[in-house]
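Coordinate analysis (summary)
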Amino acid sequence: MTTAVPIPAVSARALRKSYGAIEAVAGVDVTVQPGDVYGYLGPNGAGKTTSLRMMLGLIQPTSGQVRLFGRDPVLDPVAALEGVAGFVEDPAFYPYLSGRANLELLAALDGGGGERIDEVLDVVELRGRAGDRVRGYSHGMRQRLGLAAALLRRPRLLVLDEPTTGLDPAGIRDMRAQVRRLAAEGITVLLSSHLMGEVEALCNRVAILAAGRVRYEGGLAEVLARSNSRHRLETTDPARALELCRAADGVHDVHADGAAVVFSADRDAVAALTLWLAQAGIGIHVLAPTGGLEELFFDLTDREAT
Ligand code: ATP
């Protein structure tokens, strides 16, 4: 018996988009598997929005290809976008209509989903305000109405571009809870963000984008495991501590970072190093594991900037 390989929810290969001399997206490869909550992380201007727009068929790639569940959103948009929803950019609504009326209009345009309006309003906790005009909604309420509009389509893939931008802490918490709930129901989520905490809290896989290119793609657990051995050391004698770290067995990738020394080492090598520092009369102010997604992010994106 052969095991069926799942068709990726999103597959982008060598995706590029140029605007004149500006290369907004310079070669993106991304694979989102069904069931992933996939974090698409990058600094401002890295090309996240532009690549998501290409993935949704909203703009044409300069070159490269996209498949949504195996289908091409440029050549076959109706089939490719079936079961795909999301918001890229601020969701737009008629301000003088109520939230409910906006959803009714969208359902009518979409040819279905009207019977689900109460259900999706409940999911985003807007039912109590659904009769009010959107003009009077807060930013967070508009974001949640955007999510409700996306959910009307009963998506199997939800694409969200920085869904918590501009929300207050309670709004951020609510939006994250909703993403988690949807993921638990089996909806695949592709979520862009420049917030590492957000991606760490929600996602099982990540891509890190910098200057239009994917610099890293992999499991979040792998990122965290890979960075477990990274440490930061602050001592009473930074210069000698740096020398000792460079000379110590099992201590690698040693760099000075201001008055601190940053290095990679396993637990035994760290223990041996502390004894060696003590013998040399060097006091330790701070010795702490560092890293995680943030370390990797700055490592990849700073290197690009220099
Ligand atoms: P942010 O986090 O700030 O939203 P982003 O990662 O989403 O950033 P993009 O909005 O995709 O980045 O922009 C990537 C680059 O492409 C930027 O330099 C931007 O100015 C440029 N760009 C995007 N759209 C256009 C356009 N229509 N015309 C010209 N340049 C564009």
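Scroll up to find the structure this text is about.
Residues numbered from 1 in each chain as written. Predicted model: local features only at pLDDT ≥ 70, side-chain atom pairs only at ≥ 80, totals over all residues. Heavy atoms only, no water.

**Remarks on the site of the ligand**
Heads up, the condition is: We call a residue near a molecule or strand when any one of its heavy atoms sits within 4 Å of it. For the purposes of these results, a polar contact is taken to be a pair of N or O atoms within 3.5 Å, where, inside protein, one atom must be able to donate a hydrogen and its partner to accept one; residues adjacent in sequence count only when each atom of the pair is a side-chain atom. Computed with a 1.4 Å probe, the accessible areas rest on the Shrake-Rupley method; for each residue, only the protein chains presented here act as cover. Runs of E in the DSSP output that reach at least two residues are strands. Runs of H or I that reach at least four are helices, and both are numbered from the N terminus. Residues are grouped as follows: Ala, Val, Leu, Ile, Met, Phe, Trp, Tyr, Cys and Pro are nonpolar; Asp, Glu, Lys and Arg are charged; every other residue, Gly included, is polar.
Around the ligand sit Tyr19, Ala24, Pro43, Asn44, Gly45, Ala46, Gly47, Lys48, Thr49, Thr50 and Glu162, and those are all the residues in its vicinity. Within the side chain of Asn44, one N or O atom sits 3.1 Å away from an oxygen atom of the ligand. Thr50 is positioned such that a nitrogen or oxygen atom in its side chain is 2.5 Å from an oxygen atom of the ligand. Against a free-state accessible area of 630 Å², the protein chains account for coverage of 60% of the ligand. The leading source of residues in the shell around the ligand is helix H1 (residues 48-55), at three residues. Of the residues belonging to the shell around the ligand, the class tally is four nonpolar, five polar and two charged.

**Structural notes on the layout of surface pockets**
Under the convention used in this document: Residues are said to line a cavity or pocket when one of their atoms sits within 4 Å of a point; the points come from a 1 Å grid over protein atoms alone, cavities being sets where a 1.4 Å probe fits but cannot get out and pockets being open sets with protein on both sides within 12 Å along at least five of seven lines. Grid points are joined across faces, edges and corners, and a volume is the space filled by probe spheres set on the points.
Estimated volume of the largest pocket: approximately 650 Å³. Residue lining of the largest pocket: 24 residues in total, with Gly86, Phe87, Leu106, Ala149 and Arg153 positioned closest to the centre. Broken down by secondary-structure element, the contributors of at least two residues to the lining of the largest pocket are strand E5 (84-87), helix H3 (99-110) and helix H5 (139-152). Considering only residue class, the lining of the largest pocket consists of 16 nonpolar, three polar and five charged.

**Details of unusual backbone geometry**
Here Phe69, not a glycine, exhibits a phi torsion of approximately 45°, which is positive. Counting through the fold element by element, Phe69 comes out in the loop between strand E4 (63-68) and helix H2 (77-80). Notably, Glu162 is not glycine yet its phi reads approximately 45°, a positive angle. Locating Glu162 in the fold gives a position in the loop between strand E6 (157-161) and helix H6 (169-184).

**Quick word on the pairing of strand E10 (residues 230-235)**
Using the following cut-off: Strands are labelled as partners when DSSP assigns at least two bridges between them.
As paired elements, E10 and strand E12 (residues 260-264) share five bridges and run antiparallel to each other. Across the sheet, residue Arg232 finds its bridge partner in E12, namely Val262. Here E10 runs beside strand E13 (residues 284-289); their pairing, made up of five bridges, is antiparallel. Bridging from a neighbouring strand, His231 pairs with Pro289 of E13.

**Looking at the pattern of salt bridges**
Worth spelling out the cut-off: Salt bridge, as used here: a side-chain nitrogen of Lys or Arg that lies within 4 Å of a carboxyl oxygen of Asp or Glu. Each residue is assigned to one of three classes by its accessible area relative to the maximum for its type, calculated with a 1.4 Å probe on protein chains only: buried under 20%, partly exposed between the two thresholds, exposed over 50%.
Scanning all chains against the criterion turns up 15 salt bridges. With a shortest N-O distance of 3.0 Å, Glu23 and Arg16 are connected by a salt bridge. Look at Glu23 and you get partly exposed, because its relative accessible area is 38%. Measuring nitrogen to oxygen at the nearest pair gives 3.1 Å for the salt bridge that ties Arg176 to Glu198. Taken as a pair, Arg176 in helix H6 and Glu198 in helix H7 (residues 196-202) lie far apart in primary sequence, 22 residues in all. What makes Glu198 buried here is its relative accessible area of 1%. A network of salt bridges, in which partner residues are shared, links Arg100, Asp118, Asp122 and Arg127.

**Section: the nonpolar core**
Here is the rule: Grouping buried Ala, Val, Leu, Ile, Met, Phe, Trp, Tyr and Cys residues that are joined through side-chain atoms within 4.5 Å yields what is termed a nonpolar core. Any two residues whose heavy atoms approach within 4.5 Å are treated as being in contact.
In this structure, Leu103, Leu147, Leu158, Leu160, Ile208 and Leu293 are the most contacted members of the largest nonpolar core, which totals 45 residues. Here the element with the most residues in this core is H5; it accounts for eight residues. Apart from the residues within four sequence positions on either side, Leu147 is in contact with Phe87, Val124, Leu158, Leu160, Met175, Gln178 and Leu182.

**Considering the packing of H5 against H6**
Inclusion rule: The axes used here are C-alpha line fits, helices contributing only the stretch in contact, and every angle between their N-to-C directions lies in the interval 0 to 180 degrees. Any angle that is under 35 degrees is reported as roughly parallel, and any over 145 degrees as roughly antiparallel; angles of 65 to 115 degrees are reported as roughly perpendicular and all others as oblique. What makes a crossing left-handed is the near helix being turned counterclockwise from the far one by less than a right angle; a clockwise turn instead makes it right-handed.
Taken N-terminus to C-terminus, the directions of H5 and H6 make an angle of 15°; their axes are 11 Å apart at the nearest point. The pairing of H5 with H6 is recorded here as roughly parallel in orientation. The two elements H5 and H6 cross, and the hand of that crossing is right-handed. Contacts between H5 and H6 pair Gln143, Arg144, Leu147 and Leu151 from the former with Met175, Gln178 and Leu182 from the latter. The residue inventory of the contact of H5 with H6, partitioned by class, reads four nonpolar, two polar and one charged.

On their own, these measurements won't tell you what the molecule is for.
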